[in-house]
Structure formats: structure tokens, C-alpha cells
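Structural features, examined
The lines below spell out each chain.
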Amino acid sequence: MFGIVRPCRHRLGEKLTAQWTAHLCGLCLALRGDHGQLARIVTNYDGLLISVLTEAQADPAGPRGRRTAGPCPLRGMRTASVAHGEGARLAAAVSLVLASAKVRDHVADGDGLLARRPVALAARRVAAGWDRAGARTGSDVGFDTAVLVDAVDRQTGIEALAGPGTPILTVTEPTETATAAAFAHTAVLAGRPHNAAPLAEAGRLFGRLAHLLDAVEDRESDAASGAWNPLTATGTSLDEAHRLADDAVHGIRLALREAEFTDGGLAHRLLVHELPNSVRRAFGTPSCAHGSHPYAPPGAPGAPGGPIPPEPPRRDRRGLLAGCAVWLGLACTCQMCCGEYEDPWTRERKEGCLHNCDCDCCECCECCNCCSCGGEDGCCSGCDCGCDC
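Residues numbered from 1 in each chain as written. Predicted model: local features only at pLDDT ≥ 70, side-chain atom pairs only at ≥ 80, totals over all residues. Heavy atoms only, no water.

A word on the overall build of the chain
- Across its full length, the chain holds 12 helices and four strands.
- The burial tally for the chain puts 47% of its 389 residues in the buried class.
- Contacts in the chain between residues far apart in sequence, at least 24 positions, make up 67% of those at least 6 positions apart.
- Accessible surface for the chain amounts to roughly 19100 Å². Of this, 56% is attributable to carbon and sulfur atoms. (Helix = DSSP H or I, 4+ residues; strand = E, 2+ residues; numbered from the N terminus. Buried < 20%, exposed > 50% of the residue type's maximum accessible area, 1.4 Å probe, protein only. Contact = heavy atoms within 4.5 Å. Areas by Shrake-Rupley, 256 points an atom, 1.4 Å probe, with all protein chains shown as cover.)

Structure, rendered in C-alpha cells:
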């Protein structure tokens, strides 16, 4: 699962975590339902933003757009309420087309196994199938994926011509165009056409940010492997990339203020609060403090150096065979390495061995001044995003 918006459940809180998971599972199941099991591997954290934005604008009097999904290893073999409908299908279409572009890009660069001709040919066939599948689903929800394909095609030509002195924003433009179109179409699906312009602006800046952060995170590995990197190719410094990233975050915040939402809590949290964390993570300044609370006295449970309060014993332990089946599912999905999961037998909550969140549960609301964020004119007023500064 790739993406720049990787929220920590400690920041989201129980309510928004449940909503976020519903959209993630909804995207995964929309991919499976329309395109088969293999398509589920393109599930990504950024793609679910399309589903989130669609629901955030939906008429509260209309259908909720949720359904109950069956047991899944990633949910500890439990059922769950998941996002369902046009928003999830649009997210699936966009994810398929952009994942196809990513595969073709890796094939062109000869990355890893894709440097071998038989593997590259197979990858191209899969990518072509995803293009067609994304176009079918996009058409079903009134979205022409040709704008995404055109952006991908132009990206290749722009990169071939880019060199020292080329403005970095020239290189990021195709990505900006693609994400702007996807964000804007959520307003069409939700029946709020007046939101299309501000959401297109938010999407354009989100595409810029995603391209910049991807370039920053890959800069050293690209240099080691000799792969093309936009920052290196254009001679853009990290300071300039950081400035542009911060400007994009600020622009997204302003654009979202112009859009009308019926329940924008999760969208606000992800696009206003989480994006600055993505920038800090990419530029090497993460912070994590979810294991403590600023008001806990030293030595108290949860405070630095204090004991960790034990969880109550579980009485719904799984049997040997059922636990082994869940373990196999977790192992196959890497959840035991890089996520949070339930112990297959005891159901105790555990963190993967590579878990490394960058959360700061007590961070102040960064979208406005602390003295006014709770007021009637504050940008967090009424958003229910958990900002309590």
C-alpha cells in the first residue's frame, strides 16, 4: 500500500479510524468486485481520499453508502461496515490507472526483476489490463480516465526533455492535472458542482505534493541505482523542494475552506492535519509521542517511564486451527510486519515489528492559531476532527 497520507490511529481517534478503515476496505473490495482478486494489490492510502471526499460532500438525507463486508484477515476475520458506491468505484478506477502508470515506469527504468524481459512483458500486460479495467469503471461513474492516461503519457516526454534549470513544477504538472480531475469529479458524484473548482485546486496541489515527496524519499536510492529523479535531473535543492511542499500544504488548506462539506471531519483530518506530517516524514523530521500524555504525572501509567497498564484478559480466544488460519492470512498480507493486528489466538492488539508511526497525539491544531481554532470562525469549528487545542 503506497501513499503519502499514512495516518496513525492514535492521531485519528476511534471514530475517524473506523471511518478511515471503512474507506480503505471499501476501495479494496471495490477493486475485487469489479476487477478480481489481483486488482486488490493496487489498494493504496492516497486512493481512498477520493472515496473520503465523495462521502464528505454527500447529502446526509440520501443513502449512506455503506455495506457490511464479510470476514477478512486484515480485520482479524471479523465483519465490518465498509464504504460502498460511486465514491469507492471512482477511487478504484483512479488507483488502477495510476498503478498501471507506476508499473510501466518501473519497467522503463528496468527496476529489479523488471529488468528481465519475460517479467517486463508480463508486467506490461497486467498494466494494460488495469488501464482497460480503470476505463470501464470510470465510465460507469461518469469519469473519463483519458485525462489520467494523457497525463502519464506527457509525463514521459517531459522527463525526457527535463534537465538542469528546468522548473520542477514543469515536471510535476501532469501529476497535478490527473489528481485535480479526480478530486473535482467527487463533487459531481456528490451532486455539488460548485465544489468542483476548489477541489480541483486541492487536487492539483495534492498531486504536486505527492510528486515532490516521492522524489525526496527516492532521491538517495535513485542516485545509487542511477534511476531518473526529478530533483536531481532539474538541479532542484532540498530546501526549494521543502518550500514548495509547504506552500502546497497551505494551498490545500485554503482550497478546502472554499468547499462545502456535510461531514468533512475525516477529509479535514487527512488533508489538513496529516499532510504536514507527511512533509516532516519525507524531510526527516518525524515525531512520535503516542505512548505518553503531557498531563500525566511522572511515573503514572502512560507517562514517560511509567508502567504500561495491562489490558484486560480476553475471553474469546481462538482455537488452534482457527488461529493458524488467521496467522496465515496475516503473514501473507505483511500485516504482522508493518501494521497493527490482533494476535491470531489471543486477539490481543499488537504492533508489527516494523511499526514506526510518527504521531504526536498532543499536537496543536496547525490549520489556524490556537487562540481561535475553537471559535465560530475557526477553521476547525464544527469539523469534529479531534482538534481540541
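Thoughts on the packing of helix H1 (residues 9-35) against helix H3 (residues 86-109)
- Where H1 meets H3, the axes come as close as 8 Å, and the angle between the chain directions of the two elements is 75 degrees. When the axes of H1 and H3 are compared, the pair comes out roughly perpendicular. Touching Gly26, Leu27, Ala30, Leu31, Asp34 and His35 of H1 are Ala88, Arg89, Ala91, Ala92, Ser95 and Leu96, all from H3.
- Classifying every residue of the contact of H1 with H3 gives seven nonpolar, three polar and two charged. (Axes fitted to C-alpha atoms, helices over the stretch in contact; angles between N-to-C directions. Parallel < 35°, antiparallel > 145°, perpendicular 65-115°, else oblique. Nonpolar A, V, L, I, M, F, W, Y, C, P; charged D, E, K, R; others polar.)

Description of the packing of aromatic side chains
- In this structure the tally under the stated criterion is two aromatic pairs.
- Ring centres 5.5 Å apart and planes at 40 degrees place the aromatic pair Trp20 and Tyr45 in the tilted group. Remark: Tyr45 occurs in the loop between H1 and helix H2 (48-57) and Trp20 occurs in helix H1; sequence separation between them is 25 residues. (Phe/Tyr/Trp six-rings, centres within 6.5 Å; stacked < 30°, edge-to-face > 60°.)

A short note on the state of the cysteines
- With the rule as written, the count across this model stands at zero disulfides.
- There is no disulfide at Cys28, and the cysteine sulfur nearest it, in Cys72, is 6.6 Å away.
- The class for Cys28 is buried, based on a relative accessible area of 16%. (Disulfide = S-S within 2.5 Å.)

Here we look at the side chain of Gln57
- For Gln57, the location among the structural elements is in helix H2.
- For Gln57, the side chain forms a polar contact with the main-chain oxygen of Leu53, separated by 3.0 Å.
- Polar side-chain contacts of Gln57 include one of 3.0 Å to the side chain of Asn195.
- With near-sequence residues (within four places) excluded, Gln57 lies in contact with Thr186, Ala187, Ala190, Arg192, Asn195, Leu199, Glu260, Phe261 and Thr262. (Polar contact = N/O pair within 3.5 Å; in protein donor to acceptor, adjacent residues only side chain to side chain.)

Concerning the pattern of salt bridges
- In this structure the tally under the stated criterion is 14 salt bridges.
- Two residues, Glu274 and Arg11, come together in a salt bridge whose shortest N-O distance is 2.7 Å. Highlighted residues: Glu274 in helix H10 (residues 265-282) and Arg11 in helix H1, separated in sequence by 263 residues. Here the two residues Glu274 and Arg11 agree in accessibility, since each one is buried.
- Where Arg89 meets Asp140, a salt bridge forms, and the shortest distance between an N and an O atom there is 3.0 Å. You can see Arg89 sitting in helix H3 and its partner Asp140 sitting in helix H4 (residues 117-140), a full 51 residues away along the chain.
- With relative accessibility at 25%, the residue Arg89 sits in the partly exposed group. (Salt bridge = Lys/Arg side-chain N within 4 Å of Asp/Glu carboxyl O.)

Some words on the packing of H3 against helix H5 (residues 146-161)
- Where H3 contacts H5, the axes come no closer than 10 Å and their chain directions differ by 20 degrees. By the angle between their directions, the pair H3 and H5 is classed as roughly parallel. As H3 runs across H5, the sense of the crossing is right-handed. Residue-level contacts link Val94, Val97, Ala101 and Arg104 of H3 to Leu148, Val149 and Val152 of H5.
- Split into classes, the residues belonging to the contact of H3 with H5 amount to six nonpolar, no polar and one charged. (Left-handed = near helix turned anticlockwise from the far one by under 90°.)

Let's talk about the pairing of strand E2 (residues 78-83)
- Across five bridges, the pairing between strand E1 (residues 66-72) and E2 is antiparallel. Each residue of the ladder has a partner; that of Thr68, found in E2, is Ser81.
- Taken together, E1 and the strand that follows it, E2, pair antiparallel across an intervening segment of five residues, in which Gly76 is found at a positive phi of about 65 degrees. (Pairing = 2+ DSSP bridges.)

With respect to the environment of Trp20
- In this structure Trp20 comes out as buried when scored by relative accessible area, which is 11%.
- Between the alpha carbons of Trp20 and Leu48 there is a distance of 8.3 Å; along the sequence they are 28 residues apart.
- If we ignore the near neighbours within four places in the chain, the residues touching Trp20 are Pro7, Leu12, Tyr45, Leu48, Leu266 and Leu270.

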